[in-house]
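Commentary on secondary and tertiary structure
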Amino acid sequence: MSFQSYLDNIETKTGLTPRQFIELAREQGFDESTKATPIVAWLKADYGLGQGHAMALVHVITKGPKISQKHVGTDGTHSDASDMLWLDGKDTNPNG
């Protein structure tokens, strides 16, 4: 599953876009300096997310939408089309 697919699946499950999760995380006091553990605990407790999906959101909460070129354009199962994730909803993604 691509990184973007993780985010899209989170939106399907929760009804919240990644950008909305970033805003909610800020309200919780989480930012780029926050370690993964408290963010994952919050996402699991409040939204029922599993570890992998929670870690995808940890990335965008703490590092923003840019991802490593490692899987961009590859043939692997984790391949993404771009090194920039779309955070404003799967239905508005111009690349989707």
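Coordinates for the structure precede this section.
Residue positions within a chain follow its written sequence, with the count starting from 1. In keeping with the model being predicted, local features are shown solely for residues with a pLDDT of at least 70 and side-chain atom pairs are shown and tallied solely at 80 or more, while totals for entire chains, interfaces and linings include all residues. Side-chain metrics in this entry use all non-hydrogen atoms of the structure; hydrogen atoms and water are not considered.

1. As for the overall build of the protein
When you go through the protein residue by residue, the secondary structure sums to four helices and zero strands. Numbered from the N terminus, helices here are DSSP runs of H or I no shorter than four residues, and strands are runs of E no shorter than two. Element order for the protein, N to C, with α for helix and β for strand: α-α-α-α. The C-alpha radius of gyration of the protein comes to 13 Å, within 12% of the 12 Å expected for a compact globule of 96 residues. C-alpha atoms of the protein, sized along the principal axes, occupy 35 × 25 × 20 Å. Going through the 96 residues of the protein one by one, you find that 38% of them count as buried. Note on method: radius of gyration uses C-alpha positions; expected globular size equals 2.2 Å times residues raised to 0.38. Classification of residues uses two cut-offs on accessible area relative to the type maximum, computed with a 1.4 Å probe and protein chains only: under 20% is buried, over 50% is exposed, and between them is partly exposed.

2. Some remarks on the environment of T92
Take T92: it is sitting in the segment after α4 (51-63). Counted as a polar contact is a pair of N or O atoms within 3.5 Å, where, for protein atoms, one must be capable of donating a hydrogen and the other of accepting one, and residues adjacent in sequence contribute only when both atoms are in side chains. Side chain to side chain, T92 and W86 meet in a polar contact 3.2 Å long. Here the side chain of T92 touches D88 through a polar contact of 3.0 Å, landing on its backbone oxygen.

3. Section: the nonpolar core
If you look at the biggest cluster of nonpolar residues, it comprises 22 residues, and the most contacted ones within it are L7, W42, L43, L57 and I61. Looking at this core, the elements with two or more residues in it are α1 (3-14), α2 (18-27), α3 (36-47) and α4. Element by element, the count of residues in this core is highest for α4, at six residues. When neighbours within four sequence positions are excluded, L57 is seen to be in contact with L7, I10, P18, F21, L43 and L49. Within this scheme, the nonpolar core is defined by two criteria: the residues are buried Ala, Val, Leu, Ile, Met, Phe, Trp, Tyr or Cys, and they are joined through side-chain atoms within 4.5 Å. Working rule for contacts: check all heavy atoms of both residues, and any pair within 4.5 Å makes them a contact.

4. Digging into the pattern of salt bridges
The term salt bridge refers to a side-chain nitrogen of Lys or Arg lying within 4 Å of a carboxyl oxygen of Asp or Glu. Within this structure, the stated rule accounts for three salt bridges. Of the charged contacts, one joins R26 and E32 as a salt bridge, the two residues approaching to 3.7 Å between their closest N and O atoms. A residue is classified by how much of its surface remains accessible, and R26, at 36% relative accessible area, is partly exposed. Here E32 falls in the exposed class, since its relative accessible area comes to 55%.

5. Digging into the packing of α2 against α3
Every axis corresponds to a line fitted to the C-alpha atoms, with the helix fit spanning only the stretch in contact, and the corresponding angles, defined between N-to-C directions, vary from 0 to 180 degrees. One can describe the packing of α2 onto α3 by two numbers: an axis separation of 12 Å at closest approach and a directional angle of 110 degrees. Considering the angle they form, α2 stands roughly perpendicular to α3. Touching F21, L24 and A25 of α2 are W42, L43 and Y47, all from α3. Throughout this description, any angle smaller than 35 degrees is read as roughly parallel, any larger than 145 degrees as roughly antiparallel, any in the 65 to 115 degree range as roughly perpendicular, and the remainder as oblique.

6. Remarks on the environment of T34
Following the sequence through the fold, T34 ends up in the loop between α2 and α3. Along the sequence, T34 and G96 sit 62 residues apart, while their C-alpha atoms lie 30 Å from each other. Those residues in contact with T34, other than ones at most four positions away along the chain, are G29, I39 and T62. Reaching out from T34, the side chain makes a polar contact with the backbone nitrogen of D31 at a distance of 2.9 Å.

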